[in-house]
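# Summary of the model geometry
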Amino acid sequence: MSGTFVGMPAFPPPAHPAFPKAAHEAVNNPTLRGNLRHATHTIRGKREKAVAEMSDWAELREAGKQIKDHTLRHLDRYLVQVEESVTAAGGIVHWAADADEANRIVARLVKETGESEVVKVKSMATQEIGLNEALEAEGIHAYETDLAELIVQLGKDRPSHILVPAIHRNRGEIRDIFAREMSEWGRPAPEGLTDTPAELAEAARLHLREKFLRAKVGISGANFMVAETGTLVVVESEGNGRMCLTLPETLISVVGIEKIVPTWRDLEVFLQTLPRSSTAERMNPYTSMWTGTTDSETADGPQTFHLVLLDNGRTDTLADEVGRQALRCIRCSACLNVCPVYERAGGHAYGSVYPGPIGAILSPQLRGTASEIDASLPYASSLCGACYEVCPVAIDIPEVLVHLRERVVEGGPVTREGNKVILKPAKGHAAERAAMRAARWAFASPGALRAGQRLASRTRRFHPRTLPGPGRAWSGTRDLPPVPAEPFRDWWQRTQGGKGDKGAAK
């Protein structure tokens, strides 16, 4: 297990090339592009039909936005309410400022049980903090039980999609992974396993069943936390989450502080919008809710429950009036499925557990923009706006992308030292600023502009198709527009248009 990567170290971020380089490698993989195109188009088409059934979809979308914004504005009050409610129900609440603290807390809690194995519900928060690696370093084996996460873990791979982490794998690849790796992790794959979905699912079910029945400790995240009762909610499609939440004696849930909703009435809005936006279903096949602990060894649910509330850059994000809307995200993945950049580059190019458009705005805020990959993520978009159109909580992702680009260019990289956020002075961009000053002077001087246009037209056959030096980054994927053979001003004077208004040609 030590070689398996299923998470994202919190800070500093992992060594990863900038998005353009990583994406360039990805787009040259025809198998990957074929897998992504088929999967995203299928999910996208089903989602459109599911959403079209709802005559009040726009109202639900606005309600979700308002609920999230209200909660974020009063997050301090609702966090205290969550702690009080969970404690009253028999749970124990822990506060983690960053990934290291969260990992230490979880490792300690598992060790206190005397166990060396845990089963996990799919959880992006635990992937974000690199929990599996931290537990492995402490001699604790963490087994993923979501089918897609199991594929990723057995394949010593990384997730590449929020909803379908193994979206980059086809059935043949999955069959090979199961046949090769399952025996190293537990029950081996059946002899003669084929790549039919039913056989693959049955192989995973048999492999996981022994782990469910043996495990004494479960680890989960949560899609939502209801402040008024301290109830945690996990929505999923396979039933593995239900097994992890009900069978183990001890349950440890690691949850980002932004996952709170104030009341059960608020939760009702998201239980309508999340399944339609993510899996294109009217409701989730499995919606598991638990409040505190059970007081009976024969009843379903944990006898010991720990809630680890995770910050890890979220309060820094909350302080940004434009960027904070990323914390509305309910992890539906709709933005990934419509994004032309994600469809071609895939999730691994983003260097984060949060890929696609939402990852391009969330990761640089949670991790800062000091690394090459995080400074490049705000540019991993065509700004087409499709992500905003499908977002069930109306996150204006293009707006935040432009905002973060401004931060990268003008504000310099953001780094974190302990609990302090440090904004370093911007470096470089002197040539760009000089070019803008020259353009301002030219456009304010008609004579100079006219002379420059004529010179450009007369030397047009010598112009390069790409810019030299630093400008190559922009023109590397674009041809410079050709200069016309005659400037507009000269054309205007030469043709009938110039005869009636001599002043316009000046």
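What counts, and where the lines are drawn
Once a new chain begins, its residue numbering starts again from 1 and follows that chain's sequence as written. The predicted nature of this model means local features are confined to residues of pLDDT at least 70 and side-chain atom pairs, given and counted, to a pLDDT of 80 or more, with totals for whole chains, interfaces and linings taken over all residues. The side-chain figures draw on all heavy atoms in the structure; neither hydrogens nor water molecules are used. Pairing between strands requires that DSSP locate at least two bridges from one strand to the other. Strands are runs of DSSP state E lasting at least two residues, helices are runs of H or I lasting at least four, and both sets are numbered from the N terminus onward. Any pair of residues with heavy atoms lying within 4.5 Å of one another is described as a contacting pair. Orientation is described by axes fitted as lines to C-alpha atoms, over the contacting stretch for helices, and by angles from 0 to 180 degrees between their N-to-C directions. Angles are sorted into four bins: roughly parallel if under 35 degrees, roughly antiparallel if over 145, roughly perpendicular if 65 to 115, and oblique for all others. The classification used treats Ala, Val, Leu, Ile, Met, Phe, Trp, Tyr, Cys and Pro as nonpolar, Asp, Glu, Lys and Arg as charged, and all other residues, Gly among them, as polar. Buried Ala, Val, Leu, Ile, Met, Phe, Trp, Tyr and Cys residues form a nonpolar core when they are joined through side-chain atoms within 4.5 Å. Classification of residues uses two cut-offs on accessible area relative to the type maximum, computed with a 1.4 Å probe and protein chains only: under 20% is buried, over 50% is exposed, and between them is partly exposed. UniProt positions are given in the numbering used here, feature names are shortened, and annotations may be inferred rather than shown by experiment. We count a salt bridge whenever a side-chain nitrogen from Lys or Arg sits within 4 Å of a carboxyl oxygen from Asp or Glu.

The name an unreviewed UniProt entry assigns to the chain is LutB/LldF family L-lactate oxidation iron-sulfur protein, from the organism Streptomyces plumbiresistens.

### Examining the sheet that holds strand S9 (residues 286-290)
Taken in spatial order, the four strands line up as S8-S5-S6-S9 in an open sheet, and their pairing is mixed. The open sheet terminates on both sides in strands that have one partner only, identified here as strand S8 (260-261) and S9. Of the strand pairs in this sheet, strand S6 (residues 231-236) and S9 are connected by five bridges, and their pairing is antiparallel. If you follow Val 233 over to S9, its bridge partner there is Met 289. The sheet contacts of helix H12 (residues 264-278) involve strand S5 (224-226), S6, S8 and S9, and relative to S5 the element is tilted by about 160 degrees.

### Let's talk about the packing of helix H3 (residues 57-73) against helix H4 (residues 75-88)
Packing of H3 against H4 brings their axes to within 5 Å, and their N-to-C directions diverge by 85 degrees. It follows that H3 is roughly perpendicular to H4 by the angle criterion. Residue-level inspection shows His 70, Thr 71, Leu 72 and Arg 73 of H3 in contact with H4, the latter providing Leu 75, Arg 77 and Tyr 78. Class assignment of the residues belonging to the contact of H3 with H4 gives a composition of three nonpolar, two polar and two charged.

### Describing the nonpolar core
Phe 19, Phe 178, Leu 307 and Ile 361 are the most contacted members of the largest nonpolar core, which has 103 residues in total. One finds Ala 99, Ala 125, Leu 131 and Ile 140 within the second-largest nonpolar core, a separate group that totals 21 residues.

### Here we look at unusual backbone geometry
Here the phi dihedral of Asn 312 falls at roughly 55 degrees; this positive angle occurs in a residue that is not glycine. Along the chain, Asn 312 turns up in the loop between strand S10 (304-310) and helix H13 (314-318). Positive phi, close to 60 degrees, is recorded for Leu 383, a residue that is not glycine.

### So, the environment of Phe 443
One can find Phe 443 in helix H20 (residues 430-443). Look at Phe 443 and you get exposed, because its relative accessible area is 64%.

### Topic: the UniProt feature "domain: LUD" (unreviewed entry) in the chain
UniProt records the feature "domain: LUD" (unreviewed entry) at residues 81-310, using the numbering of this structure. With 43% helix and 20% strand, the stretch residues 81-310 has end C-alpha atoms that lie 16 Å from each other.

### Things to note about the pattern of salt bridges
In the structure shown here, the tally under the stated rule is 22 salt bridges. Put simply, Arg 276 and Glu 53 hold a salt bridge, and the shortest N to O gap is 3.1 Å. Taken together, the residues span a long stretch of sequence, with Arg 276 in helix H12 and Glu 53 in the loop between helix H2 (30-52) and H3 at a distance of 223 residues. What makes Glu 53 partly exposed here is its relative accessible area of 43%.

### Considerations on the environment of Ala 142
Relative to the helices and strands, Ala 142 is located in strand S3 (residues 141-144). Looking at Ala 142, the relative accessible area reads 0%, which means it is buried. Linking Ala 142 and Glu 117, residues 25 residues apart in sequence, is a C-alpha distance of 5.9 Å.

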